[in-house]
Amino acid sequence: MTSLPLTARLFDYWVTVYKRTWRGTVINSFLTPLLYVLAMGVLLGGFVKADPAQLDGAGSYLQFVVPGLLAGQSMQLAFGETTYPVMGAVKWNKTYYGMLATPLRVADIALAHLSFAVVRIASSAAVFVVVMAPFGVWSSVPGAIGVFLIQLLVGLAFAAPVYAYAATLDDEGGFTVVFRLLLMPLFLFSGAFFPLGNLPPVLEWIARVTPLWQGVDLTRMAALGTWSWPAALTHLVYLGVCAAGGTWLGIRALERRLVR
Amino acid sequence: MSVASGALTRDTGRQLSRAGATGVLIYRNYLVYRRGWVYFLTGFLEPVFYLLSIGVGVGKLVTGFEVGGHTVPYADYVAPGMLAASAMNGAVFDTTFNVFFRLKYVKLYDQILATPRTTADVARGEISWALLRGGIYAAAFLLVMAALGMVHSWWAVLALPATLLIGFAFAGICMALTTWMRSWQDFEYITLGVMPLFLFSGTFFPVSTFPDWLRWVVECTPLYRGVVLCRELTTGEVSWASAVSVVYLVVMGLIGTRIVARRLDALLLT
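Quantities reported herein were computed from a predicted structural model and do not represent experimental measurements. (Residues numbered from 1 in each chain as written. Chains lettered and ligands numbered in written order. Predicted model: local features only at pLDDT ≥ 70, side-chain atom pairs only at ≥ 80, totals over all residues. Heavy atoms only, no water.)

For chain B, the count of helices and strands is 13 helices and two strands. Relative to the 2.2 N^0.38 estimate, which gives 18 Å for 270 residues, the radius of gyration of chain B is 20 Å and therefore close to what a compact globule would have. The principal-axis extent of the C-alpha atoms belonging to chain B is close to 80 × 40 × 35 Å. In chain B, which comprises 270 residues, the share counted as buried stands at 51%. Looking at chain B alone, contacts between residues at least 24 apart form 79% of all its contacts between residues at least 6 apart. (Helix = DSSP H or I, 4+ residues; strand = E, 2+ residues; numbered from the N terminus. Rg over C-alpha atoms; globule rule 2.2 N^0.38 Å. Buried < 20%, exposed > 50% of the residue type's maximum accessible area, 1.4 Å probe, protein only. Contact = heavy atoms within 4.5 Å.)

Residue and element names in this part refer to chain A. Phi angles above zero are rare outside glycine, and Asp56 is one such case at about 55 degrees. A relative accessible area of 32% places Asp56 in the partly exposed class. Phi at Lys94 takes a positive value of approximately 55 degrees, unusual for a residue other than glycine. As for its placement among the helices and strands, Lys94 is situated in the loop between helix H4 (84–92) and helix H5 (95–100).

Moving on to the interface of chain B and chain A. Interfaces are frequently sized by the accessible area removed from exposure as the parts join. Contact with chain B, which involves 34 residues of that partner, is made by 36 residues of chain A. Summing both partners gives a buried area of about 3,100 Å² for chain B against chain A, and 75% of it is carried by carbon and sulfur. Contact with chain A buries area across many residues of chain B, yet Phe49(B), Leu61(B) and Glu188(B) alone supply 21% of it, more than any other trio. Counting across the chain B and chain A interface gives zero salt bridges. In this structure, the connection of chain B to chain A is made through six residue pairs in polar contact (both at pLDDT 80 or more). (Buried area = accessible area lost by both parts, 1.4 Å probe. Salt bridge = Lys/Arg side-chain N within 4 Å of Asp/Glu carboxyl O. Polar contact = N/O pair within 3.5 Å; in protein donor to acceptor, adjacent residues only side chain to side chain.)

Let's shift gears to the pattern of salt bridges. Opposite charge on two side chains makes pairing possible when the charged atoms of those side chains draw close. Residue and element names in this part refer to chain B. Following the criterion strictly, the structure yields eleven salt bridges over all chains and no others. A salt bridge links Arg133 to Asp94; the shortest N-O distance between them is 3.0 Å. With Arg133 in helix H8 (residues 119–147) and Asp94 in helix H5 (residues 74–95), this residue pair connects regions lying 39 residues apart in the sequence. A residue is classified by how much of its surface remains accessible, and Arg133, at 6% relative accessible area, is buried. Arg215 is the salt-bridge partner of Asp212, the closest N and O atoms lying 3.6 Å from each other. Linking Asp212 with Arg215, this pair stays in helix H11 (residues 212–219), spanning three residues, or about one helical turn. With relative accessibility at 26%, the residue Arg215 sits in the partly exposed group.

Residues and elements named next belong to chain B. On the UniProt side, "transmembrane region" (unreviewed entry) is annotated at positions that read residues 37–58, 78–101, 127–148, 154–177, 189–207 and 238–261 here. For residues 78–101, helix accounts for 96% and strand for 0%, while the C-alpha atoms at its two ends are 33 Å apart. Helix makes up 83% of residues 238–261 and strand 0%. Its end C-alpha atoms lie 35 Å apart. (UniProt positions renumbered as here; feature names shortened; annotations may be inferred.)

Counting through the fold element by element, Asp186(B) comes out in the loop between helix H9 (159–178) and helix H10 (187–200). A distance of 2.8 Å separates a polar side-chain atom of Asp186(B) from the backbone nitrogen of Arg182(B).

Moving on, we get to helix H2 (residues 18–34) of chain B. All names here are of chain B. If you check H2, its first and last C-alpha atoms are 24 Å apart, about what 17 residues at 1.5 Å a residue would give, namely 24 Å. Those residues of H2 that fall on the buried side of the exposure criterion are Ala21, Thr22, Leu25, Ile26, Asn29 and Tyr33. Along the axis of H2, the buried positions cluster into a sector of 135 degrees, meaning they face one direction only. In this structure, the buried side of H2 is in contact with helix H3 (37–42), H5, helix H6 (97–106), helix H7 (108–113) and H8. (Expected span 1.5 Å × (residues − 1). Arc of directions from axis to C-beta.)

The subject of this paragraph is the UniProt feature "domain: ABC transmembrane type-2" (unreviewed entry) in chain A. In the numbering adopted here, UniProt assigns the feature "domain: ABC transmembrane type-2" (unreviewed entry) to residues 24–257 of chain A. In residues 24–257 of chain A, helix accounts for 76% and strand for 0%; the two terminal C-alpha atoms are 29 Å from one another.

Membership of the largest hydrophobic core comes to 171 residues, with the highest contact counts inside it found for Tyr96(A), Trp138(A), Phe193(A) and Phe204(B). At 13 residues, H5(B) tops the list of elements feeding residues into this core. Not counting residues up to four positions away in its chain, the partners in contact with Phe193(A) are Tyr36(A), Met40(A), Tyr61(A), Phe64(A), Val65(A), Leu69(A), Phe187(A), Leu188(A), Ser53(B), Ile54(B) and Val58(B). (Core = buried A, V, L, I, M, F, W, Y, C linked by side-chain atoms within 4.5 Å.)

Time to look at the packing of helix H3 (residues 61–82) of chain A against helix H8 (residues 173–189) of chain A. All names here are of chain A. Interaxial distance between H3 and H8 falls to 10 Å at its minimum, and their mutual angle equals 165 degrees. When the axes of H3 and H8 are compared, the pair comes out roughly antiparallel. Here the hand of the crossing between H3 and H8 comes out right-handed. Residues Leu69, Gly72, Met75, Gln76 and Phe79 of H3 touch H8, and the partners they reach there are Val178, Phe179, Leu182, Leu183, Leu186 and Phe187. Here the residues of the contact of H3 with H8 sort into nine nonpolar, two polar and no charged. (Axes fitted to C-alpha atoms, helices over the stretch in contact; angles between N-to-C directions. Parallel < 35°, antiparallel > 145°, perpendicular 65-115°, else oblique. Left-handed = near helix turned anticlockwise from the far one by under 90°. Nonpolar A, V, L, I, M, F, W, Y, C, P; charged D, E, K, R; others polar.)

The next thing to look at is the layout of surface pockets. A volume near 480 Å³ is recorded for the second largest pocket. Residue lining of the second largest pocket: 26 residues in total, with Pro185(A), Leu186(A), Phe189(A), Ser190(A) and Thr210(A) positioned closest to the centre. When residues of the lining of the second largest pocket are traced back to their parent elements, those giving at least two are helix H7 (141–168), H8 and helix H9 (201–208) of chain A together with helix H4 (45–57) of chain B. When residues of the lining of the second largest pocket are assigned to their parent elements, the largest contribution, six residues, is made by H8(A). Considering only residue class, the lining of the second largest pocket consists of 22 nonpolar, four polar and no charged. (1 Å grid on protein atoms, 1.4 Å probe; cavity = no way out; pocket = protein on both sides within 12 Å on 5 of 7 lines; lining within 4 Å. Points joined across faces, edges and corners; volume = space filled by probe spheres on them.)

Residue and element names in this part refer to chain B. The predicted model of chain B has a mean per-residue pLDDT of 88, with 95% of residues at 70 or higher. Mean pLDDT across the secondary structure elements of chain B bottoms out at helix H1 (residues 2–8), with 47, and peaks at helix H12 (residues 222–235), with 95. Across residues 1–7, where pLDDT falls below 50, the model places one contact with residues more than four positions away in sequence or in other chains. (pLDDT = per-residue confidence, 0-100.)

Okay, structure coming up:
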């Protein structure tokens with residue numbers, strides 16, 4: 001029995017659920033990031049004296065902050081899709097147990113859920129990339145497509161490890177702590193809003209090894225067309241390891257949880 | 001016989017003053033939070049992170065803005081904005097998500113109303129709790145500001161009561177709105193209201209960037225009043241115009257509290 005068709009059929013389940021609840025996600029996934037762009041990029045950016053040497057190669061603060069905000073959004077959506085929904089499927093609604101009573105295996109369940117998370121991230125990223133195009137923040141069409149594709153990797157690099165963590169939790173309290181102590185600091189200090197050089201040296205180094213900085217820098221290179229291949233390759237490998245390792249851990253964690 | 005009928009009427013139970021009744025609900029919430037002190041503690045961090053990231057990090061790219069005729073560094077400009085915004089966010093969170101949960105799932109208010117307490121006691125208790133919690137966060141934030149040298153006047157001491165006013169104004173209105181909520185999906189509307197307030201109320205940049213008509217609209221919103229009030233206090237640029245913000249926030253809070261009590265009457269006592 002091959003696994004892929006089963007995963008695909010289960011993916012259909014998440015799409016059906018989303019068809020009924022999508023209205024509740026419009027503001028968070030589409031409007032909030034655009035409001036941030038308007039407030040931080042356009043309006044606050046109007047007060048920033050743009051110097052490409054100081055802004056990681058960006059010609060304006062808007063060009064600098066938009067890739068950062070997009071990568072930050074992909075991370076936040078990944079958290080959103082793999083925290084409470086996973087807890088719900090394991091504990092509150094027990095959807096996973098229902099799935100497991102069919103020929104589906106644990107790996108199918110986890111992979112389908114993660115794929116759906118990536119699709120959600122992709123849809124938001126696509127809207128974001130298209131809406132931002134008239135602002136002149138993408139260097140070229142291939143650059144914009146690159147920006148979009150990078151979000152899939154960034155999204156999975158966060159979704160998979162968070163999924164693994166969520167599958168081990170007994171109650172949702174852990175999410176609050178992770179949101180406040182991990183998600184917020186990553187969003188605010190990983191080079192999305194200001195160049196890392198503005199941080200004290202020790203914090204700068206810590207920021208450089210965080211996964212969000214890898215995603216922000218990669219997105220920014222694609223957006224501005226300022227590729228530096230060694231750095232880009234490092235980021236790709238780093239995020240790829242997070243995604244693959246996270247997925248493996250996630251399947252294992254779910255197996256332990258559901259099939260003791 | 002007379003004993004039974006006496007116990008069943010609402011106003012012959014053990015009498016508590018308004019303050020006493022409010023205190024009971026605050027104590028109840030304290031008992032709940034005592035087990036979740038981590039959540040209480042980490043709630044304070046968010047505005048501090050924003051201050052350090054936007055204020056200090058982005059501040060190195062922005063020269064600074066004028067407040068009352070004097071130019072202040074960008075971090076000092078953002079800090080009072082974050083103070084006011086976090087007072088709003090805290091009040092909104094406490095009186096929407098938490099109240100909805102207690103109203104719909106825990107049925108806490110039905111239980112309280114089964115005792116000699118009234119809906120007004122519930123409204124006062126929940127709003128006071130939101131203020132108390134917000135006040136503790138605000139005091140801690142002010143200490144951080146002082147430690148980072150972002151406080152320029154003794155007027156800043158009054159920024160603490162100012163944040164309580166902001167909390168009062170938002171807590172009432174938001175708790176009232178919560179009574180109309182049908183499901184968790186409806187909370188997107190709260191985000192829809194709070195997010196633009198947070199980003200465009202002069203928190204991160206002056207409203208002078210807006211066209212005139214829009215500037216007028218923003219100046220009439222509650223968070224903007226709170227932000228300028230806090231900024232006037234921490235920079236020491238207080239004037240009679242500051243009183244406008246104070247009156248605005250007090251009136252908004254009083255109206256909110258009144259609506260909450262009426263809505264709870266309609267929801268739980270009919």
